[in-house]
Each structure stands twice: as C-alpha cells, then as structure tokens.
Amino acid sequence: MGVPIRASRLAAVVTLALAGSAAFAADHNDPNAINSIFSDIPVSPADLYDFFGFPADDRSQGEKVVMALTFASVPKTGVLDPDLLYRIRIHPEARLVRPSKEDWSLDTVLAYAGALKDRYLDSRTAEVRVRVDARQQAKVDFIGFPSGSFTKIIPTNTPVSVQAPDGQALQVFVGGRDDAFFNDLPGFFRSINYGPQFYLIPLGADPDLREFAIPKTLLELEGNTLFNFDPAHPRLGEGEKLPLPDSGPRELQGVPYRKDANGNYRFVYSGRDAQAGRNVNAIILELPLGYVTDAPDKNRVVSAWGESWVLKAANKVETIPDEQKGFGPWLEKRLPQGERSEFERELERYKRVDTDGVPFEDAALSEREDSRQLGADNLSLARRFVIRFAHLGWGFGPSIDALGLRTCFDHDHSPVSIHRYDRLAIEAFPRAKTCFFQEVNMPDASWNPRGLPIPLKRTFEIFIPNVSGIDMDTNGSWPYGRRLEDQVATRFLSLFLDMKTGCGGKPCNVETLSQQALWDGAPIEPKTPPNPLHNDKPFLKQFPYLADPW
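Counting starts from 1 at the beginning of each chain's written sequence and moves along it residue by residue. Local features in a predicted model are, by the rule used here, given only for residues with pLDDT of at least 70; side-chain atom pairs are given and counted only at 80 or more, and totals for whole chains, interfaces and linings are based on all residues. The side-chain numbers reported here are obtained from all heavy atoms of the structure, hydrogens and water having been left aside.

S.K.: When you look at the packing of aromatic side chains in this model, what are you seeing that I'm missing?
M.R.: Aromatic ring pairs are reported here in terms of the distance separating the ring centres and the angle at which the planes meet. Stacked, tilted and edge-to-face pairs are distinguished by plane angle, under 30 degrees for stacked and over 60 for edge-to-face with tilted covering the rest, among Phe, Tyr and Trp rings (Trp via its six-membered ring) whose centres lie within 6.5 Å. For the structure shown, the criterion picks out 23 aromatic pairs. Judged by centre distance (6.0 Å) and plane angle (75°), the rings of Phe54 and Tyr545 are edge-to-face. Of the two residues, Phe54 sits in strand β2 (residues 48-55) while Tyr545 sits in the segment after β18 (524-525), which places them 491 residues apart along the sequence. For the pair Phe54 and Tyr545, one class covers both residues: buried. Aromatic ring contacts, followed pair by pair, group Phe389, Phe396, Phe429, Phe436, Phe437, Phe460, Phe463, Phe492 and Phe496 into a single cluster. Seen from the ring of Trp550, Lys537 lies directly overhead, with NZ or CZ sitting 4.4 Å from the centre. Per the convention used, a helix needs a DSSP run of H or I reaching at least four residues, while a strand needs a run of E reaching at least two, with both numbered from the N terminus. Partly exposed describes any residue whose relative accessible area lies between the buried limit of under 20% and the exposed limit of over 50%, with all areas from a 1.4 Å probe on protein chains only and scaled to the type maximum. In this analysis the charged atom, NZ for Lys or CZ for Arg, is taken to sit over a ring once it is within 6 Å of the ring centre and within 35 degrees of the ring normal.

Structure representation (structure tokens):
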C-alpha cells in the first residue's frame, strides 16, 4: 500500500524552487573538478560512473535487493585508493501514490518535490560505507540498519558473505569488474555539441567552449563542422582529441538538417559501445529486504544512491573546498559534538566529491557544477530541471519529428532544431508539460511480474529526487530501479516521444528507439539504434553479477 503525496507548505516550496541557484547535478565523467573529459584533469577514483539497483531474481531464500556502485579504476583495476571513502545510502519506504486529481501544473511538480522533502526530513538513511587500507583490505561499515551497526574487514576482489547481528547473510564484493555501462557516449556528447569530448579544452577555458551555442539535435546540422562526423578523423571523440580549430562556427541557429545524396539524414550516434573493453572498480551488495527494513511488507521501495568522499588531508580534488556549504540539513543531520557516533566523526575528515543515483539524470540534466553534487538532496533543483529539459526539447523535439515520429515537446512545429534557454521555469514549463506528465510506457508486462496495480511512472517522478527507487514488486527495470541490461541512455531519449500516439499514431515506449526495425525504415544513416543493445561481456547470473574484468 502506498503513501499519498502531501502538497503542504506549497508556498514555501514554490518560493524555494523559483529562487534556486542556476546549477545542476553531474555526468559519467563528473563533476567538473574530477572530469577527465577536460584535457588537464586526470582520471580520479572519486569519479562515480553508475549506480545499479534491482530485486534479485532468485527469491527462493526470500526477497533480496542488489545494488552496485561503479567508479574509475584508479590506481588500477582491482586496486582502490586508500584516500577515498564510498557510501551507498539506503532509505526503504512505502510507494508514493500520486494525487487522484490530475492537476498537472508547475505547482504540482514543486509540491511533489516538497512532499518528498517532508518525507526525508524526518528520517535518517542507513548506509554501507567502504574504504581500503594500505594492504587493500576493505573496511565495510553497515550503519543504521534495524539490527544495529557493525563493521567487517574483508578481502577485495572476491565475493564475501558477511553475517549480520541478526544472523542474516549479506553478500559483499569490493574490487574490479567489467564496466557495465554500454553506451555510445561520444554520440550523446555530439548531440549536445560538447567541446571537451572532441577537443583539447582545459577546465579553466571559457565555459562557452563546453556546450557550444548550437542547437541540441539527434541529426547532424548543415555547417556544424566542429561536431559533424569527419571521415578524415573517424575516431574523433572516441580516443582521439584534436586542438580546437580556429575555424568552425561557435554558434548556429535556424540551420537545416544535413542530408546525403540519397536524401538521408546523418545520425549523431554510431551505436558503438564506447566503454567496450574497459574496467571499473565497484562495490556490489546483495542484502535481504528483511535486513534493510523491519517493515518489508510496507516498505516496498528501496531508495538508494552512491557518494564518493576524499580525505581532506590527502589534498586531492583541491578545487572542491574542504568545508562545503549549501547541502540540505535533512540529508546530513548534524548532531552536537558529544552525541556524534564514531561513524559521524570519521566523516568530518572527508569531503564529498561526487554522487550518483538516477541513471542519465546527471549526464543529461546537468552542467556538472561541483557545488551541486547533492544526490537525494536535489529537490531544490526542480526549477532548473524544468529549464534544462525544455532546452533539450527545443533541440531533440524537432529532430524526432523529422524522423516521422512525434515528440511530446511543444516546439511550435519548428522544422529545425532551435538553441533556446529560458530564464524562468514558468517560461519553459508550458513547452515541456506534456513530456513531464505523460505516463512512461513499458514495452511489455515483464516489469510487473505479478500484475500488481503499480502505476506507470511520469517523467517528473523519475528525476526527483536523484535516487534509484528500487521497486521490490517489479523486476527493477528502469525507471523502477536499474537492471544491468537496461539501455538507460536510449530510454532517456524516449522521454521526448509522445507516449500516447507518437509512433505512427500508436503508443511509444521506453524501448521504441532501441528497435532496429524503426531505424531500418527511417531516412537516416547509419541505420542503428542510438546505443548498443548489449554489454561487451555477458553479465553473470549469480553474485556479483557484473562480468569479470578484462
């Protein structure tokens, strides 16, 4: 049974949201302070890559929830940096129930964020905390769970079964794995004209050299020579970077889509897996639901996210200040010094660097500001998400329509992609309203194996807050968690489709853009889904699930 959303304190929420800062969250190479996409920033072990979460398929020994946090394999695969501390934050809760009255407005979005803030305000999250010593032994803390807190020292790079105080078996893995993120990441950066992916641009360069003032698009634009595919440099952005040329437009507006001699558009995506053959380090957990919550029949959603923290004394990631301000007090509850536990006192020696929750929220709805690595505390960014989503819609929407599909975004029937950034959420919202409030269709019924009355998600529910909401009554497929096999980058693009009638007058779903038949019939080259459909290695059927490293 779910818990109704309360719309209390709406005026305060609206005031907070409309007065919010102009920053966002993060991406797969984030935040900017550790973003190795910049030519002068090395790869950092604080750079979180992905967070996966889903119910274990095998329920013969009871319900279990699987969570995996992946991050850069620095110093190397299977070897973790002793100056880093990683946290997997866990908050079991009842499923939220939307208001029965469908009053879909900007106030509804902000009231939803306010209701979630109310809910988290009175709770403390449990967590699993991990760091290694000089011998690469992992110290794993289980903090704030119903049966109590305890610590276990385990070896790395091997699955370990840990016994909890109540006798339940907890599966833990800390070490190197194959990167489970299969994605045409250069294609995405080409779609948003992101300079540092293709050119040697340092962090301190003009911010306008990050996302150029060129329309976002799924189709190449005439004259967009800096970002269109170049046969002379076929691997540009895929291992090859060049000095930024003096020639080539820094701004474009109102230009047509590029076509070849046969009248076909050129796709900005190649469909290739840019992460193939790459490894990550990872923390992987498989925990009984009865360990995570003492009310498993009520708390059917396990909200979780990951964080990286670096030791202040290590003098690493110095562009992020040791003493950070602006984080929600409800997320990090501060107790008087004498009442703080050893776990809380330990955390004071570290600073937070990166967070990861909803997949592709950070990559798509963020400009990677260091000060906004907020994780679950991204509720105050609701206004900015509206503006950012509309900015993407002005580019992606017309290019979706050009392919014979129909977008949910209101772009005034523009025949070309537009570069537009509204200053206020109330200006952007009417354009994106249908996208925000439409139900996000699933491809079939496999996501809801027991056929329970679980409502389809609406887009605004997916991204606020920035946590992976693992629904234990589903199979955990995105957006009800994230399974390893989910192609989340393509599913994100599907949110710009008209889910009711956008596919030839019929409904679309989150897998529509992954269907090869659609691209075979489209006037486009190459004829491929935007992103690969499978990982470079098969996933394991048993813990730790992620494939062995290369």
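S.K.: So what exactly am I meant to see when it comes to the pattern of salt bridges here?
M.R.: Any two side chains of opposite charge can pair if their charged atoms end up close together. What makes a salt bridge here is a side-chain nitrogen of Lys or Arg within 4 Å of a carboxyl oxygen of Asp or Glu, nothing more. On inspection of all chains with the given rule, the structure shows 34 salt bridges. Glu211 is paired through a salt bridge with Arg388; the nearest N and O atoms lie 2.6 Å apart. Here the residue Glu211 occupies a position in the loop between α3 (185-191) and β13 (265-266), and Arg388 occupies one in helix α7 (residues 382-402), the gap between them amounting to 177 residues. The residues Glu211 and Arg388 share a single accessibility class, namely buried. Between Arg450 and Asp473 there is a salt bridge, with the nearest N and O atoms lying 2.5 Å from each other.

S.K.: Would you mind showing me how to read the pairing of strand β12 (residues 169-178) here?
M.R.: Consecutive side chains of a regular strand alternate in pointing toward one face of the sheet and then the other. Most of β12 sits out of view: nine of its 10 residues are buried. With four bridges connecting them, strand β11 (residues 160-163) and β12 associate as antiparallel partners. Bridging from a neighbouring strand, Val162 pairs with Leu170 of β12. For two strands to pair, DSSP has to find at least two bridges joining them. Alignment of β12 against strand β14 (residues 279-288), held across eight bridges, turns out to be antiparallel. Paired with Phe173 across the strands is Ile284, a residue of β14.

S.K.: Would you mind showing me how to read the packing of α7 against helix α8 (residues 425-437) here?
M.R.: Between two packed helices, both the angle of their axes relative to each other and the distance between the axes serve to describe the pair. Orientation of α7 relative to α8, taken along the N-to-C sense of each, is 70°, at an axis distance of 8 Å. Judged by the angle between their axes, α7 and α8 are roughly perpendicular. In this structure, α7 meets α8 at a crossing whose hand is left-handed. Residues Arg383, Phe385, Val386, Ile387, Phe389, Ala390 and Trp394 of α7 form the contact with α8, whose own contacting residues are Ala425, Ala428, Phe429, Arg431, Ala432, Cys435 and Phe436. When the residues that make up the contact of α7 with α8 are grouped by side-chain class, the tally is 12 nonpolar, no polar and two charged. Each axis is a line fitted through C-alpha atoms, taken for helices only over the stretch in contact, and angles between the N-to-C directions span 0 to 180 degrees. Oblique is the label for any angle not under 35 degrees, not over 145, and not in the 65 to 115 range, which are roughly parallel, roughly antiparallel and roughly perpendicular in turn. Less than a right angle of anticlockwise turn of the near helix away from the far helix marks a crossing as left-handed, whereas a clockwise turn marks it as right-handed. Contacts are assigned to residue pairs with any non-hydrogen atoms lying within 4.5 Å of each other. Each residue is assigned to one of three groups, with Ala, Val, Leu, Ile, Met, Phe, Trp, Tyr, Cys and Pro labelled nonpolar, Asp, Glu, Lys and Arg labelled charged, and all others, Gly among them, labelled polar.

S.K.: Is there a simple way to think about the state of the cysteines in this case?
M.R.: Here is the idea: a disulfide is a covalent bond, and it sits between the sulfur atoms of two cysteines. The disulfide criterion used throughout: a pair of cysteine sulfur atoms within 2.5 Å. Under the defined criterion, the tally for this structure stands at two disulfides. With a sulfur-sulfur separation of 2.1 Å, Cys408 is cross-linked through a disulfide to Cys435. One quick way to see it: the torsion about the S-S bond of Cys408 and Cys435 is about 105°, and its sign makes the bridge right-handed. Taken together, the residues span a long stretch of sequence, with Cys408 in the loop between α7 and α8 and Cys435 in helix α8 at a distance of 27 residues. Both residues of the pair, Cys408 and Cys435, count as buried.

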